[in-house]
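Residue strings, one per chain:
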Number of protein chains: 2
Amino acid sequence: MGRLRDLFAPESVAVVGATDREGAVGHAILENLVADYVGDIIPVNPNRESVLGLECYPDVASAPPVDLSVIVVPPSIVLEAIRESAKAGVENVVVITAGFSETGSDGAARERELRELADEYDLNLVGPNSLGIMNTRSGMNATFGPENALDGSVSFMSQSGAFITAVLDWANEQGIGFRDVVSLGNKSVLDETDFVEEWGSDPETDVIIGYLEGIDRGDQFVEVAREVSDDTPIVLVKSGRTDAGAQAASSHTGAIAGSEVAYETGLEQAGVLRARSVQELFDWARALSGLPTPDTDGVAVVTNAGGPGVLTTDAVGDANLGMANFTDETIDRLAETMPDEANVYNPIDVIGDADIERFETALDIALEDPNVGSAVVVSAPTAVLEYDRLAEVVIEQRDAHDKPIVTSLMGGSRSRAAEEVLREFGIPNYFDPARAVSGLDALARYRDIKTAQRDEPERFDVDRERAREILETARSRTGNRLGVEAMDLLEAYGIPTPRGEIVSDPEAAQDVAADIDGDVVLKIVSPDISHKSDIGGVRVGVSDEDVYDAYEDVVSNARNYQPDASIVGVQVQEMLDLEGSTETIIGVNRDPQFGPLLLFGLGGIFVEILEDTSVRVAPIGEDEAQAMVEDIKAAPLLRGARGREPADIESVVESIQRLSQLVTDFPSILELDVNPLVVGPEGVQAIDLRLTVDTEKL
Amino acid sequence: MGRLRDLFAPESVAVVGATDREGAVGHAILENLVADYVGDIIPVNPNRESVLGLECYPDVASAPPVDLSVIVVPPSIVLEAIRESAKAGVENVVVITAGFSETGSDGAARERELRELADEYDLNLVGPNSLGIMNTRSGMNATFGPENALDGSVSFMSQSGAFITAVLDWANEQGIGFRDVVSLGNKSVLDETDFVEEWGSDPETDVIIGYLEGIDRGDQFVEVAREVSDDTPIVLVKSGRTDAGAQAASSHTGAIAGSEVAYETGLEQAGVLRARSVQELFDWARALSGLPTPDTDGVAVVTNAGGPGVLTTDAVGDANLGMANFTDETIDRLAETMPDEANVYNPIDVIGDADIERFETALDIALEDPNVGSAVVVSAPTAVLEYDRLAEVVIEQRDAHDKPIVTSLMGGSRSRAAEEVLREFGIPNYFDPARAVSGLDALARYRDIKTAQRDEPERFDVDRERAREILETARSRTGNRLGVEAMDLLEAYGIPTPRGEIVSDPEAAQDVAADIDGDVVLKIVSPDISHKSDIGGVRVGVSDEDVYDAYEDVVSNARNYQPDASIVGVQVQEMLDLEGSTETIIGVNRDPQFGPLLLFGLGGIFVEILEDTSVRVAPIGEDEAQAMVEDIKAAPLLRGARGREPADIESVVESIQRLSQLVTDFPSILELDVNPLVVGPEGVQAIDLRLTVDTEKL
């Protein structure tokens, strides 16, 4: 059991700021508690003797033992109220009061104090600016908003209190129940990561859902959620997906939104099912809380109506599922038992005159097929079909075969009773078959999350100390933006680079070139010049006798282009034979919430114009690195499409992992681009490098 | 008024095969008619005196005048019954009876006879294998399925009768009304194109919706729908979108499904809004039938709840809409009237304590802004907000500003009453704000369809006669697969090709080469050899003195590769300087339903690996041809990205149009690929050509 269980299951709740005044928050909360809460309710208010007929205490210290304090006093005395509770030994606090960081600099200062106070007493503190929390088992509704939720196994957190109010009113009508509900408020102390951790260890939470506008500790969230999602599905709406939405979210919460690509990637790697809408959030939560996960992706569709059967098949095609290929035995058995006009191939059309028995037989035969992981029952109302009995058959079949079944018993008034029956047994019914299939899809995706092998990052044997020295030396020479002068960084982490050195006079250039077989490349090295080729700062195919002149040439071109440019020197590099090789790019960009994002793509137009890239949050293991390479559309080019010799993809995969290790080892690296990383049949070579470091962190 | 109005508004309906027998179709239809139909109901059955208390006639001839015959007799006597009706002067027939093309070859033969009969008497015939038809104004329910529909302005066709049964039961509960409903059955005579045409001229139909599994006359459908959609929105679910779905549809209807890309493209060009699910179909239909179209894409969001406001903003970002940029005046007015804590930028957050008046003020100010084309009102339930009064405000504001407003008054029981009020005034309310926004999106997309200028195909001055000759000559030489020997076809239609000729001896090759400045290219011409380069069938950069040997060379390579290959000759072609130019591909593929599909893309990996192509149904005008070029992701390369000289895009656009004209003029061209069409800064050159012709059609 997690350390937050006492927050949701206290034996006594104090309402600090309780009042009889209608319309006051301190009144609404007390009323909501009085309604159903099985524990002790302790109003605290120095100005009252009793509230709502309950004995009122002047402070928490003089009250009976309190497990949870709900604070509703004005902002100016919130800190005092918290301290008083804490001193009296209360460990769990919900701060309803608003007027903190969401209101400007005074509020932000107050919130900092609040956080310090919580640290000092090691409080489990929700809020401030929270609607409150709920626990259905104990009937505790410590919110000032909605009526009590129905009992269920879904635990629900929301960064918007209003969203909770809206959802609960709707969910009560829809028969959707909850376990714990928390309005996160400003997340000053406890945040989404804490609640995911708590619910992950709570045996009574079957599904975790949430509405979030931001995730504060993205890297830790990924770590915790990855662990939790092995046993408990997590479905989140993270709003601010679009540019407009991100702007709105940032103005709503006052928080800096991380980049959408970081959220998308991070949530995916964390094993979170990310819903794009409120409807998806609850369609998926329903399926996940009521149904087993399917063993295979094959879906059987059983219907009495051809058209809706086709619609359902389309929905299966849209999802990460497939129509099951029935075994010969299944087809024979169906052919024996169904009328001649029926379609015994998938989707099974039991045709319009089908009664309950025919549906039952078809469903039973289909679910026995080992290629069938789940089923969709789709029907149009007919004179001979009793929907409520059909609902019972669906439930019996689910139990008999332990495979998930979803339904679209289409209709209005004619499907109501059946819908109630199905709901009671955890099967959601939808008018639109596509929504039923969407629930199955969530189940299958969650099965993949559960069964995925943990892809632990490999620790390569690298020269970390040398890398540290290079970063420090390079920085001392050129500031926070580094280029090829830091190429040894890649060497230190085992990523091959061409032979060569940076020199600062033409004679040294000649010496270096003499040590290299064949022609060389000369490049100006300057943090102030980014497009070196464009200004004549690069000379390729230089023979030994031309090195001196070429040196003078690139330096004078750079001087002409930008007289005040800081010039580190000239790089003299082995000239590689690039025939038959492909340019790729590995980039890193550090996200404030999730940490380093790795990007992979092919060079030139592929990244710049076609935006054909794949992204992951570092650190990653071999499987993810491999997936990054496979995920880009142009991947066939590396595999040897159109008569090319296949590239050494393994070396690319390894380079990505080594770079992942490098940026994980050095938080000071903010941005890094290996562009190009040239890959041929025999391996990779990093040709050019740019990076930005955080000089504070070195 | 279209010629099918009498089908839906007859003054008398005969039920041929009427019976008192419970459970019989001829009984169900009569019962459904008796329920509400305002016209005369005439049972026809030689074995009865009366049915359901109505006088029964032995045949249509002896009955009072009949406007519509509904045929429910057994399949073996259907043709006789139709002929009898037709002879008695009945022009409108609905054939309910099944057992035609959907049941095998006997049925298919019977259906051919039925079609001939309908032709002979020029009948408006629905079916066979139809559930029937409905018209709500006259209370005519001539179906054996569902109860009567509610009165409304949506006309609805469906290729699945069961889908109609399911939808009507649901729609009655949802308060969605209809004008005409038709179950298309086997579409032996009347099909989707006929009904779109009819409803397009029906002033009482505001929206046309349909469920289709196939479109029989795609090219005519596009023409008719394009016309109709100028005034009446058309929303269709065309199922069989996915491979699995297409297979299911084909097994359901027995029809050959056209290609999905043809449907997608054809429906788009026809001005049809294609829904992907039943939910979208009705969400869009509701918005289109109840609300005006917005003048601009700017959306104002007004909410009392930050979180739901952000969710709505995301949905706007997902749609083809944008959050409106308020004018300074709007922001000033909002700032004056809203409390300090409110957000007066879009989304407007009137905050949790907002009452009706504050919502009204905010909405009124926002809708007055010229940058606002539509609004979404999103709310969470609060103690101070009366949802039903908010609904009234929304309706008043919509009427005052004549701008569309959609709502997501979130909640369950607390939003019911408001939902009823809104629905009555044509405003759908959804719990999920994304669904409300989806309706707005449909309105904006329909506005674009309505206001789009007709892009009439230009008729270029071409040498059609010469093209015909080339096709015939080439075919007589090489059969139905043609290559470069037909290059003159492109010349005849004004698409530039390099200078050159096909010759059949080395001396002739020398003569042709002598007439061309500079080096030449030699290519083997054979319908049996497709990868000419791979087998040594191409020589580039051949100087005049090497032409003789090069000729012998390519011919002997071809002979070695395939001794029995039919060799047309050798093409001697001007060698173009391709430096700075880009290879593109224009392809044509004739779809059985929609006719010629044009495809455009860049050559090589862009089409083959990245699948970066754009497709249209020919014929197209300049705007569409331009859009084809702009639609591909790699378009920036043509415009001159990465330091390249911009290509002559106008020439590409013109070539696409000329090719569109060619394949429209010659239905015998089944497939055609100009690959590559090389484009440089100075224009285009078609380098190679392959086509397949239908020899029957020449």
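As recorded in an unreviewed UniProt entry, chain A goes by acetate--CoA ligase (ADP-forming) and comes from Natronosalvus hydrolyticus. Under the UniProt heading Catalytic activity (unreviewed entry), the note attached to chain A is "acetate + ATP + CoA = acetyl-CoA + ADP + phosphate".

Focus on the overall build of chain A
A tally of helices and strands in chain A yields 24 helices and 30 strands. Counting only C-alpha atoms and orienting by the principal axes, one finds that chain A spans roughly 95 × 80 × 40 Å. By the burial criterion, 59% of the 698 residues in chain A qualify as buried. Expressed as a percentage of contacts within chain A between residues at least 6 apart in sequence, the contacts between residues at least 24 apart total 70%. By element, 42% of the accessible surface of chain A is carried by carbon and sulfur atoms, the whole surface being about 27100 Å². If the 53 positive side-chain charges of chain A are averaged to one point and the 129 negative ones to another, these points end up 3 Å apart.

Looking at the interface of chain B and chain A
Taken together, the contacts link 66 residues of chain B with 66 residues of chain A. Between chain B and chain A, roughly 5100 Å² of surface is buried when both sides are summed, and carbon and sulfur atoms account for 65% of that area. Looking at the side of chain B facing chain A, the largest losses of area belong to Asp-314, Phe-431 and Ile-609 of chain B, adding up to 11% of the total buried there. Counting across the chain B and chain A interface gives 6 salt bridges. Measuring nitrogen to oxygen at the nearest pair gives 3.2 Å for the salt bridge that ties Arg-276 of chain B to Asp-318 of chain A. For the pair chain B and chain A, the interface holds 28 residue pairs in polar contact (both at pLDDT 80 or more).

What to know about empty space enclosed by the protein
Within this structure, the stated rule accounts for 1 cavity of 30 Å³ or more. Here the largest cavity defines a volume of roughly 30 Å³. Lining the largest cavity, in full, are Pro-146, Glu-147, Thr-165, Leu-168 and Asp-169 of chain A together with Pro-381 and Arg-414 of chain B. Residues of the lining of the largest cavity, tallied by class, amount to 3 nonpolar, 1 polar and 3 charged.

Regarding the relation of the copies chain B and chain A
Mapping chain B onto chain A calls for a rotation angle of 180° and an axial translation of 0.0 Å; the resulting RMSD is 0.1 Å. Both copies are brought into coincidence by an operation consistent with a two-fold rotation axis. Residue Leu-610 of chain B of chain B places its C-alpha closer to the rotation axis than any other residue of that unit, at 4.7 Å. Take the interface residues of chain B: 100% of them recur as interface residues in chain A, which is what a same-surface contact looks like.

A look at the packing of helix α14 (residues 387-401) of chain B against helix α15 (residues 416-424) of chain B
Residue and element names in this part refer to chain B. At a closest axis distance of 7 Å, the pairing of α14 and α15 adopts a crossing angle of 20°. As summarised for this structure, α14 and α15 are arranged roughly parallel, according to the angle between their axes. Judged by the sense of rotation from one axis to the other, the crossing of α14 with α15 is right-handed. Side by side, α14 and α15 meet where Tyr-387, Asp-388, Ala-391, Glu-392, Val-394 and Ile-395 of the first sit next to Ala-418, Val-421 and Leu-422 of the second. Broken down by class, the residue content of the contact of α14 with α15 amounts to 7 nonpolar, no polar and 2 charged.

Parameters and conventions
Residues numbered from 1 in each chain as written. Chains lettered and ligands numbered in written order. Predicted model: local features only at pLDDT ≥ 70, side-chain atom pairs only at ≥ 80, totals over all residues. Heavy atoms only, no water. UniProt positions renumbered as here; feature names shortened; annotations may be inferred. Helix = DSSP H or I, 4+ residues; strand = E, 2+ residues; numbered from the N terminus. Buried < 20%, exposed > 50% of the residue type's maximum accessible area, 1.4 Å probe, protein only. Contact = heavy atoms within 4.5 Å. Areas by Shrake-Rupley, 256 points an atom, 1.4 Å probe, with all protein chains shown as cover. Lys, Arg positive; Asp, Glu negative; His and termini not counted. Charge placed at Lys NZ, Arg CZ, Asp CG, Glu CD. Buried area = accessible area lost by both parts, 1.4 Å probe. Salt bridge = Lys/Arg side-chain N within 4 Å of Asp/Glu carboxyl O. Polar contact = N/O pair within 3.5 Å; in protein donor to acceptor, adjacent residues only side chain to side chain. 1 Å grid on protein atoms, 1.4 Å probe; cavity = no way out; pocket = protein on both sides within 12 Å on 5 of 7 lines; lining within 4 Å. Points joined across faces, edges and corners; volume = space filled by probe spheres on them. Nonpolar A, V, L, I, M, F, W, Y, C, P; charged D, E, K, R; others polar. Least-squares fit on C-alpha atoms with pLDDT ≥ 70 in both. Axes fitted to C-alpha atoms, helices over the stretch in contact; angles between N-to-C directions. Parallel < 35°, antiparallel > 145°, perpendicular 65-115°, else oblique. Left-handed = near helix turned anticlockwise from the far one by under 90°.

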